[in-house]
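# Chains, contacts and geometry: an overview
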Amino acid sequence: MARINKFIGEDKLGVRIKKRNLDAFHELYETSFLPLQRYAMRYLYDWKQAEDLVQDAFLSLWSHPERYDEKKSIFYYMLGIIRNNCLNYLRDLEIQCKHQDKIIEAMLFSGIAEPETDDDIYGRLKAILDTLPEKQKEVVLLHIVEKKKIKEIAVRMNIAETTVKTHFKRAMAILRGNLRFILFGI
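Everything in this summary refers to the structure shown in the same document. Each chain carries its own residue numbering, running from 1 in the direction its sequence is written. Only residues with pLDDT of 70 or above have their local features reported here, since the model is predicted, and side-chain atom pairs are shown and tallied only from 80 upward, although totals for entire chains, interfaces and linings are computed over all residues. Hydrogens and water are ignored here; the side-chain numbers use all heavy atoms of the structure.

### What about the overall build of the protein?
The criterion, for reference: Strands here are runs of E lasting at least two residues and helices are runs of H or I lasting at least four, both read from the DSSP assignment and numbered beginning at the N terminus. Here, residues are in contact when the closest pair of their heavy atoms is within 4.5 Å. In these tables, accessible area is a Shrake-Rupley quantity obtained with a 1.4 Å probe, and a residue counts as shielded only by the protein chains included in the view.
Across its full length, the protein carries nine helices and zero strands. What you see in the protein, going N to C, is helices and strands ordered as α-α-α-α-α-α-α-α-α. In the protein, the proportion of contacts linking residues at least 24 apart, taken out of those at least 6 apart, comes to 62%. Summed over its atoms, the accessible surface of the protein is roughly 11,800 Å², and 53% of this surface lies on carbon and sulfur atoms.

Structure, rendered in structure tokens:
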């Protein structure tokens, strides 16, 4: 906390950074990188990604010093950049997950012909489906392939709607995790 308090009454560090003073920039980097990375961890829970986003924040500051108002704390300015970077990253990650789910759903629904080799994506999907617990597999097939609503599935399987949602969510997480490497090169 002592490092953070140091930046509240910054000794013209922000003014020097705005003038692209390399020593001032280096001083800010050395004294604040770790606290800023810890701040990013509050959003991301991923140390490496937090490090990358803090690096991006420093690059943004160096590339666009005119955006910084030197009357305000440089440290708090950096916190704002990092918060926005984290929120943008999480938004993009959520969008990516939704797209992955749609691709998996399309593959299940498409009825692609049986593959001749296990290396085929469809073969991999079928193998992963076969490893799912029976109820999860049934929920996924009913919801995606037969286009049944959650309520209809709950009535048909004689279970609660929340249980259907839980089965579906868990099954999609397994499918997404197992197919990510093949589909998206991740």
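### Considering helix 8 (residues 150-157)
Here is the rule: When a residue's accessible area, from a 1.4 Å probe over protein chains only, is under 20% of the maximum for its type it is buried; when over 50% it is exposed; and in between it is partly exposed. This arc describes the spread of directions from the helix axis toward the C-beta atoms.
For helix 8, the complete set of buried residues consists of Ile 150, Ile 153, Ala 154 and Met 157. Across the axial projection of helix 8, the buried residues extend over an arc of 100°, all falling on one side. Along helix 8, the residues that are exposed and aim more than 90 degrees away from the buried face are Lys 151, Val 155 and Arg 156. Just downstream of helix 8, Asn 158 is the residue with a positive phi angle, here 60°.

### Some thoughts on the nonpolar core
Across soluble globular proteins, nonpolar side chains have a tendency to be buried as a group. Basically, it comes down to this: To qualify as a nonpolar core, a set must consist of buried Ala, Val, Leu, Ile, Met, Phe, Trp, Tyr and Cys residues joined through side-chain atoms within 4.5 Å.
Core analysis: the biggest nonpolar cluster contains 24 residues, and Ile 17, Leu 28, Leu 36, Phe 58, Leu 61, Met 78 and Ile 82 have the highest contact counts within it. Only helix 2 (13-18), helix 3 (22-44), helix 4 (47-63) and helix 5 (74-110) provide two or more residues apiece to this core. The greatest single-element share of this core, amounting to eight residues, is contributed by helix 3. Every residue in contact with Ile 17, bar those within four places of it in the chain, is listed here: Ala 24, Phe 25, Leu 28, Leu 61, Pro 65 and Ile 74. Leu 142, Ile 153, Phe 168 and Met 172 belong to the second largest nonpolar core, which has 17 residues in total.

### What to know about the pattern of salt bridges
Basically, it comes down to this: What counts as a salt bridge is simple: a side-chain nitrogen of Lys or Arg found within 4 Å of a carboxyl oxygen of Asp or Glu.
One pass over the structure, following the stated rule, counts five salt bridges. Between Glu 27 and Arg 16 there is a salt bridge, and its shortest N-O distance comes to 3.2 Å. With a gap of eleven residues between them, Glu 27 in helix 3 and Arg 16 in helix 2 connect regions that are remote in the sequence. Residue Glu 27 is classed as partly exposed on the basis of its relative accessible area, which comes to 31%. Residue Arg 16 is classed as partly exposed on the basis of its relative accessible area, which comes to 28%. In this structure, Glu 70 and Lys 18 form a salt bridge, with 3.2 Å as the shortest nitrogen-oxygen distance. With Glu 70 in the loop between helix 4 and helix 5 and Lys 18 in helix 2, the pair connects residues that are 52 residues apart, well separated along the chain. Assessed through its relative accessible area of 35%, Glu 70 is described here as partly exposed. Under the relative-accessibility criterion, Lys 18 is labelled partly exposed at 28%.

### Comments concerning helix 4
Filter applied, for reference: Given the number of residues in a helix, its expected span is that number minus one, multiplied by 1.5 Å.
End to end, helix 4 covers 24 Å across 17 residues, agreeing with the expected 24 Å (1.5 Å per residue, within 8%). Restricting attention to buried positions, one finds in helix 4 the residues Gln 49, Ala 50, Leu 53, Val 54, Ala 57, Phe 58 and Leu 61.

### Details of the side chain of Gln 37
Test applied: By the criterion applied in these results, polar contacts are pairs of N or O atoms within 3.5 Å in which, for protein atoms, one can donate a hydrogen and the other can accept it, and in which residues neighboring in sequence qualify only through two side-chain atoms.
Residue placement: Gln 37 occurs in helix 3. Polar side-chain contacts of Gln 37 include one of 3.1 Å to the backbone oxygen of Trp 47. Aside from chain neighbours lying at most four places away, what touches Gln 37 is Trp 47, Ala 50, Glu 51 and Val 54.

### Thoughts on the environment of Asn 178
Residue position: Asn 178 is located in helix 9 (residues 161-184). Exposure remark for Asn 178: the relative accessible area of 31% places this residue in the partly exposed category. Taking the C-alpha atoms as reference points, Asn 178 and Arg 124, separated by 54 residues in sequence, lie 8.7 Å from one another.

### Looking at the packing of helix 3 against helix 4
Our working definition: Each axis is a line fitted through C-alpha atoms, taken for helices only over the stretch in contact, and angles between the N-to-C directions span 0 to 180 degrees. Roughly parallel means an angle under 35 degrees; roughly antiparallel, over 145; roughly perpendicular, 65 to 115; everything else is oblique. Helix crossings fall into two classes, left-handed where the near helix is turned counterclockwise from the far one by less than a right angle and right-handed where it is turned clockwise. Residue polarity follows a fixed list, in which Ala, Val, Leu, Ile, Met, Phe, Trp, Tyr, Cys and Pro are nonpolar, Asp, Glu, Lys and Arg are charged, and the others, Gly among them, are polar.
Helix 4 packs onto helix 3 with a crossing angle of 140° between their chain directions and a minimal axis gap of 8 Å. Judged by the angle between their axes, helix 3 and helix 4 are oblique. Crossing geometry of helix 3 relative to helix 4 is assigned as right-handed. The residue inventory of the contact of helix 3 with helix 4, partitioned by class, reads 17 nonpolar, four polar and two charged.

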